[in-house]
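Chain residues, written in single-letter form:
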Protein chains: 2
Amino acid sequence: MNPADLGLPVDVPSTALFTDQYELTMLQAALAAGTAERRSVFEVFTRRLPEGRRYGVVAGTGRVLDAVENFRFDADVLGFLRERAIVDEPTLEWLASYRFRGDVWGYPEGEMYFPGSPVLRVEGSFAECVLLETVVLSILNHDSAIAAAASRMSSAAGDRPLIEMGARRTHELAAVAAARAAYVGGFTTTSDLAAGFRYGIPTVGTSAHAFTLLHDHERDAFQAQVNSLGRGTTLLVDTYDVAEAVRTAVDIAGPELGAVRIDSGDLLLVAHRVRQQLDELGATGTRIVVTSDLDEYAIASLAAAPVDAYGVGTQLVTGSGHPTCSMVYKLVARAESADPKAPLVPVAKKSTGGKTSIGGRKWAARRRDERGFAEAEVIGTGPVPGDLADQQLLVELVKGGQVVSREPLDMARDRHAAARARLPLSATQLSRGEAVIPTEYV
Amino acid sequence: MNPADLGLPVDVPSTALFTDQYELTMLQAALAAGTAERRSVFEVFTRRLPEGRRYGVVAGTGRVLDAVENFRFDADVLGFLRERAIVDEPTLEWLASYRFRGDVWGYPEGEMYFPGSPVLRVEGSFAECVLLETVVLSILNHDSAIAAAASRMSSAAGDRPLIEMGARRTHELAAVAAARAAYVGGFTTTSDLAAGFRYGIPTVGTSAHAFTLLHDHERDAFQAQVNSLGRGTTLLVDTYDVAEAVRTAVDIAGPELGAVRIDSGDLLLVAHRVRQQLDELGATGTRIVVTSDLDEYAIASLAAAPVDAYGVGTQLVTGSGHPTCSMVYKLVARAESADPKAPLVPVAKKSTGGKTSIGGRKWAARRRDERGFAEAEVIGTGPVPGDLADQQLLVELVKGGQVVSREPLDMARDRHAAARARLPLSATQLSRGEAVIPTEYV
């Protein structure tokens, strides 16, 4: 049976079709016109942060590298393009041997970005670069939106662990990417097994209300869970009456009970009551996990409550009000001719209706004050000023089509925490405001 | 090389890991307790519509059927679960032979739903049903959110075609599902090639600003595009000066020019000007496509403008303010024992903190007035009243583990249009309001 008939994630055999059709029609027209081989520079950037946000977080870079490596037009895909007459035969022939052979530079994953930051730069022939627009943007726009929400939540949570549990609220594969981005943004674990399988993120999970309801009595359910998963498990205590459930839980598991989970009600109030009850029952080491429609504001409001961990779902995977970024992939320079030595000319859209941008291949650096705190995002097209040379942000990711900069996910996570700690203190205010550092063009 | 190393969509070899870990730990505990085989009924429903929305749209049902069919624990997956010690050996053994053998009923795809509507009902042993929670919810919550936004946009657009072009604003595979859901909700075409490949949705696309910028003059770009794609192509006219571009476009392609696209500026104003200019140039048949950050309100505001088609991206794939639904998957009834003949007992969470629900296996019907317009969503657990018997909403989707109700995507699309036409007229008002019909429990 053809996997394409099954609705499996294998239905698209390479990343080449995560592409808007116009990329292929532009390719066809440029091949015919003799302009397809002009050396070109595309940059990914955003004109603004989501309203009220102080900083953006680059996430998905590792997935972009995977996508570029696997951008191949195999027989199935070519057959589809031929059958639908999406492009002509010379274009199909060109696509059949497609491999990206250009260069990619970008902000390393987990780094901050600001309006105008050139978070990714793709350089090669127009033909090979133009095809990557959609898949690059899909990944960066989605993953960076989730990482930004995660970062706000993890800074609100302080040292308390955050559990990602939003898989049920987003597309099943978006969920895997969301768990990955959340981890970069400071989350500790995920409930999503696919994210554990694919990216090695630590997974957690114990039980739902259904498990209690399956049994004749709450006591039976708790006993079954403790028998099977041990006293260190987390018991869900809000199916019927919370106080009674806590009593039963400690009665069964003793003071070694790992944790109780509260998934409804006034969490602040309930957490205080449950903590007091647990302490009175001698279960002073039993932790309290809360998990009901939390966002960064709710997390912050529980800072003084006796809560030991937060589980976050909906608001994380929907970017806490900003489910996507507004990153664009723009041609900023191209050669005057197909001659590989031809000089690059800066280009930019110029119509009066908005969406204008700045032409030319850019560098970016973060200027810091004497204590090491970020002061400005400096972006330029000429030579890099000497005092900024060692503050440059773009790193080489792909060289001549070869990925040169793979890294474990923990590196991106650590980088993010370090970069956030070097922003001005107001960066982690949850209140709405402007970007925490200005963007300066030189 | 292991595909899991490549970041390909094939990285998860079946749908079984689109699962929150607690489903497996509940399974383990229930297997040990002897309660895993109790016959159980789970229902998917939502307690409310997103704020201000008049109706919900069921989408993703076809993808749910694919996911259930492909929910298999193969050697790779079992190896992962063993290595991480997520469940014990008896559970792994049980999972190795897992196939869903139960029954699924649900609202047919494209149908409307309201608060409390049992949009999907999954029945079988607790063990086999509990595992499907996350993947079922991921699909329905995502796809239904997109379809609801699409439905509002398509009702605002009236007879004018809508092009889905949001792939770059969401996860690359969420984009494919979004294009599918948009089509169900009334969109006409998509720019996403993967959606064309996987679901046969018609694809479209011509060129971006980069294509104009690649060439030395706008005229060269237009000429190259017309040479390659024919006079019927759509030329993008807002890279430099719109009026000049329109003049050049008609000069090159003649009055046979298919369309011009405007992607920035005050669309209402620009569309009027461009229409007048096209008409003066004799290109009276050349259409105008607009594509800049549209949502249902912007579409409605262009109703009187000379616009022939809308391209919608960000706001569609992010659900126009509501990127997810709040559907839950709840145990509503289960047997008193593992005996397959044991009677079912209704169950429901009862704590005071909210999130309560109504126990028992439910039927649902849409009561209609004498003209055939919907009057109420009627939901009950007892026998179906005679006058509602032929208005029932749930259909059989899976019987004894076999999918019995596959259909082409166009059926869901047609069903949606028909169902929307039979709602009260206020359903398609864009203003915020309550659900357009009440939910009644009997």
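- Chain A goes by Nicotinate phosphoribosyltransferase in an unreviewed UniProt entry, where it is assigned to Streptomyces kaempferi.
- Entered under Pathway (unreviewed entry) in the UniProt record, the comment concerning chain A runs "Cofactor biosynthesis; NAD(+) biosynthesis; nicotinate D-ribonucleotide from nicotinate: step 1/1."

1. Structural notes on the pairing of strand β10 (residues 287-290) of chain B
Residue and element names in this part refer to chain B.
Phase 1 of the analysis: Of the pairings in the sheet, the one linking strand β9 (residues 259-262) to β10 comprises four bridges and is parallel in character. Pairing of R261 across the sheet is with V289, part of β10.
Phase 2 of the analysis: Note that the unit made of β9, helix α12 (residues 267-280) and β10 has a crossover that is right-handed.
Phase 3 of the analysis: For β10 and strand β11 (residues 309-312), the ladder comprises two bridges, and the chain directions are parallel. Of the residues in β11, the one forming a bridge with V290 is Y310.
Phase 4 of the analysis: What joins β10 to β11 is helix α13 (residues 296-301), and the crossover it makes is right-handed.

2. Points about the packing of helix α11 (residues 242-253) of chain B against α12 of chain B
Residues and elements named next belong to chain B.
Phase 1 of the analysis: At a closest axis distance of 10 Å, the pairing of α11 and α12 adopts a crossing angle of 35°. Remark: the crossing between α11 and α12 carries right-handed chirality. Between α11, through V242, A243, V246, R247 and V250, and α12, the contact on the second element is made entirely by V270, V274, Q277 and L278.
Phase 2 of the analysis: In the contact of α11 with α12, the residues fall into seven nonpolar, one polar and one charged.

3. Side note on the side chain of T91 of chain A
Residue and element names in this part refer to chain A.
Phase 1 of the analysis: Within the fold, T91 resides in helix α4 (residues 89-96).
Phase 2 of the analysis: Using a relative accessible area of 1% as the deciding quantity, one classes T91 as buried.
Phase 3 of the analysis: Beyond its immediate chain neighbours, meaning those up to four positions away, T91 contacts L24, L27, Q28 and L31.

4. Quick look at the pattern of salt bridges
Phase 1 of the analysis: Throughout the structure, instances matching the rule amount to 58 salt bridges over all chains.
Phase 2 of the analysis: With its nearest N and O atoms 3.0 Å apart, the salt bridge here joins D369 of chain A to R371 of chain A.
Phase 3 of the analysis: Residue E109 of chain B pairs with R180 of chain B through a salt bridge whose shortest N-O separation is 2.6 Å. Taken together, the residues E109 of chain B in the loop between β3 (103-106) and β4 (112-113) and R180 of chain B in helix α7 (residues 172-184) connect sequence positions 71 residues apart.

5. A word on the sheet that holds strand β17 (residues 402-403) of chain A
Residue and element names in this part refer to chain A.
Phase 1 of the analysis: On the basis of which strands lie adjacent, the open sheet formed by seven strands has the order β13-β12-β1-β5-β3-β16-β17 and antiparallel pairing. Unpaired on one side and paired on the other, β13 (344-346) and β17 mark the two borders of the sheet.
Phase 2 of the analysis: Here strand β1 (residues 39-45) runs beside strand β5 (residues 120-125); their pairing, made up of six bridges, is antiparallel. Bridging from a neighbouring strand, E43 pairs with R121 of β5.
Phase 3 of the analysis: Strands in contact with helix α2 (residues 61-69) are β5, β16 (395-399) and β17; relative to β16, the strand with the most contacts, it is inclined by about 15°.
Phase 4 of the analysis: Packed on one face of the sheet, helix α6 (residues 133-157) meets β1, β5 and β12 (328-335) and runs near 140° to β12.

6. Topic: the pairing of strand β3 (residues 103-106) of chain A
Residues and elements named next belong to chain A.
Phase 1 of the analysis: Side chains of β3 alternate between two faces, with V104 and G106 buried and D103 and W105 left unburied.
Phase 2 of the analysis: In terms of strand pairing, β3 meets β5 through four bridges, oriented antiparallel. Bridging across to β5, G106 finds its partner in L120.
Phase 3 of the analysis: Pairing between β3 and β16: three bridges, direction antiparallel.

7. A closer look at the environment of V332 of chain A
Residues and elements named next belong to chain A.
Phase 1 of the analysis: Within the secondary structure layout, V332 lies in strand β12.
Phase 2 of the analysis: Classification of V332 as buried rests on a relative accessible area of 1%.
Phase 3 of the analysis: On a C-alpha basis, the gap between V332 and G285 in space is 58 Å, while along the polypeptide they are 47 residues apart.
Phase 4 of the analysis: Every residue in contact with V332, bar those within four places of it in the chain, is listed here: V41, E43, V345, P346, V347, I358, G359, G360, R361 and K362.

8. Let's talk about the domain arrangement of chain A
Quoted interface sizes are often the accessible area lost when the parts come together.
Phase 1 of the analysis: Examined at the domain level, chain A breaks down into domain 1 (13-142 + 324-441) and domain 2 (206-307).
Phase 2 of the analysis: In this structure, domain 1 of chain A and domain 2 of chain A have C-alpha centres spaced 46 Å apart.

9. Observations concerning the interface of chain A and chain B
Phase 1 of the analysis: Listed per partner, the contact involves 113 residues of chain A and 113 residues of chain B.
Phase 2 of the analysis: Where chain A abuts chain B, roughly 9300 Å² becomes buried across the two surfaces, and 59% of that area is made up of carbon and sulfur atoms.
Phase 3 of the analysis: Summed over the three residues of chain A that lose the most area to chain B, namely R168, L193 and F197 of chain A, the buried surface amounts to 9% of that side.
Phase 4 of the analysis: The interface formed by chain A and chain B contains 14 salt bridges.
Phase 5 of the analysis: Note that E133 of chain B is salt-bridged to R168 of chain A, the shortest N-O span being 2.9 Å.
Phase 6 of the analysis: Sorting elements by how many residues they give to the side of chain A that touches chain B places helix α1 (residues 21-33) of chain A first, with 11 residues.
Phase 7 of the analysis: Taken together, the residues of the side of chain A that touches chain B sort by class into 49 nonpolar, 39 polar and 25 charged.

10. Thoughts on the nonpolar core
Phase 1 of the analysis: Of all hydrophobic cores here, the largest spans 160 residues; its most connected members are F73 and L81 of chain A together with F73, L81, L95 and L131 of chain B.
Phase 2 of the analysis: Ignoring any residue separated from it by four or fewer positions in sequence, one finds L81 of chain B in contact with L193 of chain A together with L17, L24, F73, I86, V87, L92 and L95 of chain B.

11. A closer look at the packing of helix α6 (residues 133-157) of chain B against α7 of chain B
Residues and elements named next belong to chain B.
Phase 1 of the analysis: Where α6 meets α7, the axes come as close as 8 Å, and the angle between the chain directions of the two elements is 45°. Compared by their axis directions, α6 and α7 come out oblique. Judged by the twist between their axes, the crossing of α6 over α7 is right-handed. Taking contact as the criterion, the partners of H142, D143, I146, A147 and A150 in α6 are, on α7, A174, A177, A178, R180, A181 and A182.
Phase 2 of the analysis: Its residues assigned to classes, the contact of α6 with α7 comprises eight nonpolar, one polar and two charged.

About the criteria used
- Residues numbered from 1 in each chain as written.
- Chains lettered and ligands numbered in written order.
- Predicted model: local features only at pLDDT ≥ 70, side-chain atom pairs only at ≥ 80, totals over all residues.
- Heavy atoms only, no water.
- UniProt positions renumbered as here; feature names shortened; annotations may be inferred.
- Pairing = 2+ DSSP bridges.
- Helix = DSSP H or I, 4+ residues; strand = E, 2+ residues; numbered from the N terminus.
- Right-handed = clockwise from strand over helix to strand, strands pointing away.
- Axes fitted to C-alpha atoms, helices over the stretch in contact; angles between N-to-C directions.
- Left-handed = near helix turned anticlockwise from the far one by under 90°.
- Contact = heavy atoms within 4.5 Å.
- Nonpolar A, V, L, I, M, F, W, Y, C, P; charged D, E, K, R; others polar.
- Buried < 20%, exposed > 50% of the residue type's maximum accessible area, 1.4 Å probe, protein only.
- Salt bridge = Lys/Arg side-chain N within 4 Å of Asp/Glu carboxyl O.
- Domains from an automatic or database assignment.
- Buried area = accessible area lost by both parts, 1.4 Å probe.
- Core = buried A, V, L, I, M, F, W, Y, C linked by side-chain atoms within 4.5 Å.
- Parallel < 35°, antiparallel > 145°, perpendicular 65-115°, else oblique.

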